[in-house]
Amino acid sequence: MIHPTPRLRFAPSPTGPLHLGGARTAMYNWAAARALGGKFLLRIEDTDQARSSDASLQIILTGLKWLGIDWDEGPEKGGDFGPYFQMQRLPLYRAAADRLLASGHAYPCYCTPEEIDAGRKAMEEQKAGFAGYNRRCRNLTAAERSAFEAQGRKPNLRFKMPEARVLQVHDLVRGDVEVNTKELDDWVMLRPDGVPLYNFACVVDDIGMAITHVVRGEEHFLNGIKQRLLFEALGAECPQYAHIPLILNKEGKKLSKRDADTNMLDYRDKGFPPEAVFNYIALLGWGFSGDRDVFTRDEMVAVFQIGNIGKAGARFDEEKLRWMCGEYVRRWTPAQCLERARPWLSRVVPEAAFSSHAAWLRNVVGCYQERITILSEFTDKIGWLFAELPTLDEAAQKNLAKEPASKDWLRGYAEVLEKGNLPPSWPADRTAADAVVALPSKKDAAAPTCAFATPAQIEQECRAFTERIGVKFGNFVHPVRAALTGTDKGPGLFDVIFLLGREACVRRLRAAAAR
RNA sequence: GUCCCGUUCGUCUAGCCCGGCCUAGGACUCCAGAUUUUCAUUCUGGCAACACGGGUUCGAAUCCCGUACGGGAUACCA
């Protein structure tokens with residue numbers, strides 16, 4: 001075979017949501033396919049009929065799309081190697097099973113679950129090391145078979161494993177590994193109802209779909225051995241396997257529901273930027289380079305190699321994920337950020353405002369961009385802008401009570417602002433102000449020409465006022481911020497005043513002074 | 001029990017395959033400082049690791065063996 005087109009797949013079973021580990025596996029397959037110039041396909045392993053659901057399938061597909069992992073063949077796409085749902089491929093498995101039966105690689109097993117269990121227990125008592133199916137049906141005579149049939153027993157089909165063959169296999173991640181088949185069972189391929197089990201369906205489909213490389217979790221390593229033997233029995237070439245370690249929690253144990261959100265879409269709903277999640281997950285067991293952590297999908301594809309995936313399990317660290325999110329959020333322009341944040345802004349901002357106050361909202365968002373890491377934080381952060389009066393938190397109350405004279409300052413400053421040239425307050429139209437003044441204001445930025453006072457001008461007037469009344473600027477600022485925003489954190493005070501506009505500022509200062 | 005894999009700062013990792021450039025690099029976190037009207041951002045500096053024991057070698061994080069610890073597997077789930 002001369003360099004066939006590389007074909008890789010992600011083969012989820014729709015029995016639950018797409019979790020971090022699955023997403024990472026999908027991503028590595030995707031990245032390898034793109035890096036090799038091959039195809040990436042999705043195959044749905046829905047043979048566990050009791051647990052599979054369409055809802056899960058939709059969640060998985062949506063999660064992949066959200067992360068920017070697109071597929072060339074599979075659900076919603078079709079392709080020349082379909083069908084891509086295993087339950088639609090039953091005749092293919094039946095045909096392969098018949099071939100195996102005919103070639104003596106498989107045999108019918110009439111054992112009941114209870115009998116199998118009893119056999120296993122007996123082997124355990126002999127403490128032979130490995131305890132599995134006792135292979136009772138492996139060498140049944142024709143007469144014995146018909147006797148079982150006569151009892152009405154329906155046989156499973158089992159694969160006949162070599163008794164004690166040493167296999168030298170090469171794994172793209174693990175390297176050369178030696179495995180003795182005596183550690184392996186005669187495993188069940190097909191149920192009486194014709195529904196295949198994982199290992200069997202997987203191989204039939206990997207052959208049928210011309211898969212060349214398989215990246216999957218290390219829990220499949222031994223399955224890989226069974227599968228190699230099946231490829232051999234079917235006279236097909238085995239794909240290159242890469243078995244990667246699982247994602248661990250903070251304690252180094254397998255990641256579970258308690259440790260992190262199990263559903264990729266939970267991250268979406270909380271406003272984690274998908275690029276950041278993608279970037280972070282990629283880093284769990286793989287490194288872009290010695291000195292860079294932040295990279296795009298394209299940059300990853302340009303350098304990705306399956307062999308560079310680490311052999312050791314990586315722990316999921318939400319703090320670094322958060323940092324990564326902030327890293328992406330800060331790189332957006334305020335306009336881009338506004339677009340992204342819209343679903344969360346909508347919880348406090350009336351829908352109409354997105355067109356009527358686009359420039360203002362862009363400034364609001366701009367002011368918080370470097371203060372958040374995930375988009376849902378916007379919801380709580382910007383509420384004060386829309387309230388009649390802000391709710392004072394503990395720090396704000398303290399800052400208002402600190403200086404006895406501060407109420408006079410606030411009253412005085414209210415007067416200054418009232419007479420000043422501030423933009424109007426929400427919900428009045430203030431496009432003339434926001435369209436020309438881009439927040440957050442930068443120290444060394446050229447002063448824009450504006451019909452209203454700019455933050456820089458507001459600051460100038462403020463400093464002049466504090467001088468007039470003989471108050472240290474640094475002291476003055478705190479009660480003002482408290483009165484205006486209800487807290488001690490937030491954007492620059494003069495951006496706040498600009499954003500709030502005249503009426504709101506005056507109202508808030510006077511209300512705080514009157515407390 | 002048996003088999004397989006792994007082990008570099010608290011965490012993610014670079015280096016390991018092809019021993020010397022490693023007084024082990026980067027990032028997150030943390031601490032200190034600078035900037036500053038708060039917070040945040042940004043910048044500067046700092047703390048902090050080759051699991052342990054043998055061996056090979058002039059020389060080992062890098063090669064070999066063992067021990068310990070961790071993970072995975074051992075289904076009519078995938």
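Note that the structure is a prediction, hence the values are computed from the model and not measured.

K.L.:
How should I be thinking about the domain arrangement of chain A in this particular structure?
P.N.:
When the parts of a complex come together, some accessible area is lost, and that lost area is often taken as the interface size. Split by domain assignment, chain A resolves into domain 1 (1–80 + 245–331), domain 2 (89–244) and domain 3 (341–515). Between domain 1 and domain 2, the C-alpha centre-to-centre distance is 29 Å. In this complex, domain 1 contributes 24 residues to the contact, which on the side of domain 2 involves 24 residues. Roughly 2,000 Å² is buried in total at the junction of domain 1 and domain 2, and carbon and sulfur atoms are behind 61% of that figure. Contact with domain 2 buries area across many residues of domain 1, yet R7, R9 and R43 alone supply 28% of it, more than any other trio. There are three salt bridges connecting domain 1 and domain 2. Between R43 and D205 there is a salt bridge, with its nearest N and O atoms 3.8 Å apart. For the pair domain 1 and domain 2, the interface holds five residue pairs in polar contact (both at pLDDT 80 or more). At the level of secondary structure, the elements contributing two or more residues to the side of domain 1 that touches domain 2 comprise β1 (7–10) and α1 (20–35). No other element matches the four residues that α1 contributes to the side of domain 1 that touches domain 2. Of the residues belonging to the side of domain 1 that touches domain 2, the class tally is 11 nonpolar, seven polar and six charged.

K.L.:
Looking at this structure, how should I read the environment of G78?
P.N.:
Structurally, G78 is set in the loop between α2 (54–67) and α3 (90–103). Taking relative accessible area as the criterion, G78 reaches 28% and is therefore assigned partly exposed. Along the backbone, G78 and L42 are 36 residues apart, and their C-alpha atoms lie at a distance of 9.7 Å. Not counting residues within four places of it along the chain, the set of residues in contact with G78 comprises D72, E73 and Y84.

K.L.:
Where do I start with the protein's contact with RNA strand B in this structure?
P.N.:
Taken together, 62 residues lie around RNA strand B, and G129, R191, K253, G285 and E370 are the ones closest in. Atoms of RNA strand B within 4 Å of the protein: sugar and phosphate make up 71%, bases the balance. Between a base nitrogen of RNA strand B and a main-chain N or O atom of P113, the distance comes to 3.4 Å. E183 places a side-chain nitrogen or oxygen 3.3 Å from a sugar or linking oxygen of RNA strand B. Among the secondary structure elements, those contributing two or more residues to the surface near RNA strand B are α4 (113–125), β4 (156–159), β6 (175–180), α7 (221–233), β11 (314–315), α11 (318–331), α20 (473–485) and α21 (493–500). For the surface near RNA strand B, the class distribution of residues is 22 nonpolar, 13 polar and 27 charged.

K.L.:
What should I look at first to understand the state of the cysteines in this one?
P.N.:
Two cysteines whose sulfur atoms are joined by a covalent bond form what is called a disulfide. Inspection of the entire model under this criterion finds zero disulfides. For C367, which is in no disulfide, the shortest distance to another cysteine sulfur is to C337 and amounts to 11 Å.

K.L.:
Please clarify how the nonpolar core should be interpreted in this entry.
P.N.:
A general trend in soluble globular proteins is that nonpolar side chains are found buried together. Counting residues in each nonpolar core, the largest one holds 63 residues, and the members touching the most others are F378, Y413 and I497. Setting aside its immediate chain neighbours within four residues, F378 contacts C337, A341, L345, V365, Y368 and I372. In this structure, F10, I44, L57 and L283 belong to the second largest nonpolar core, which totals 56 residues.

K.L.:
Got a minute to help me understand unusual backbone geometry in this structure?
P.N.:
Excluding glycine, residues mostly carry a negative phi; peptide bonds, for their part, are mostly trans. Backbone torsion omega between G82 and P83 reads -5°, so that peptide bond is classified as cis. Structurally, the position occupied by P83 is in the loop between α2 and α3. Between W426 and the following residue, P427, the backbone shows a cis peptide bond with an omega angle of 10°. In this fold, P427 is placed in the loop between α17 (406–419) and α18 (431–434). Backbone geometry at E76 places phi at a positive 70°, although glycine is not the residue there. The topology assignment puts E76 in the loop between α2 and α3. A residue is classified by how much of its surface remains accessible, and E76, at 56% relative accessible area, is exposed. Notably, A210 is not glycine yet its phi reads approximately 55°, a positive angle. Tracing the chain through its elements places A210 in the loop between α6 (198–208) and β8 (213–217).

K.L.:
Whenever I open this one, the sheet that holds strand β3 (residues 106–109) confuses me. Can you help?
P.N.:
The three strands lie next to each other as β3-β4-β7, forming an open sheet whose pairing is antiparallel. Whereas interior strands pair on both sides, the edge strands pair on one side only; in this sheet they are β3 and β7 (188–190). Geometrically, the sheet is characterised by an average inter-axis angle of 45° between neighbouring strands, direction not taken into account. The pairing of β3 with β4 spans four bridges and is classified as antiparallel. From the neighbouring strand, A106 faces β4, where its bridge partner is F159.

Rules used throughout
Residues numbered from 1 in each chain as written. Chains lettered and ligands numbered in written order. Predicted model: local features only at pLDDT ≥ 70, side-chain atom pairs only at ≥ 80, totals over all residues. Heavy atoms only, no water. Domains from an automatic or database assignment. Contact = heavy atoms within 4.5 Å. Buried area = accessible area lost by both parts, 1.4 Å probe. Salt bridge = Lys/Arg side-chain N within 4 Å of Asp/Glu carboxyl O. Polar contact = N/O pair within 3.5 Å; in protein donor to acceptor, adjacent residues only side chain to side chain. Helix = DSSP H or I, 4+ residues; strand = E, 2+ residues; numbered from the N terminus. Nonpolar A, V, L, I, M, F, W, Y, C, P; charged D, E, K, R; others polar. Buried < 20%, exposed > 50% of the residue type's maximum accessible area, 1.4 Å probe, protein only. Near = heavy atom within 4 Å. Disulfide = S-S within 2.5 Å. Core = buried A, V, L, I, M, F, W, Y, C linked by side-chain atoms within 4.5 Å. Pairing = 2+ DSSP bridges. Axes fitted to C-alpha atoms, helices over the stretch in contact; angles between N-to-C directions.

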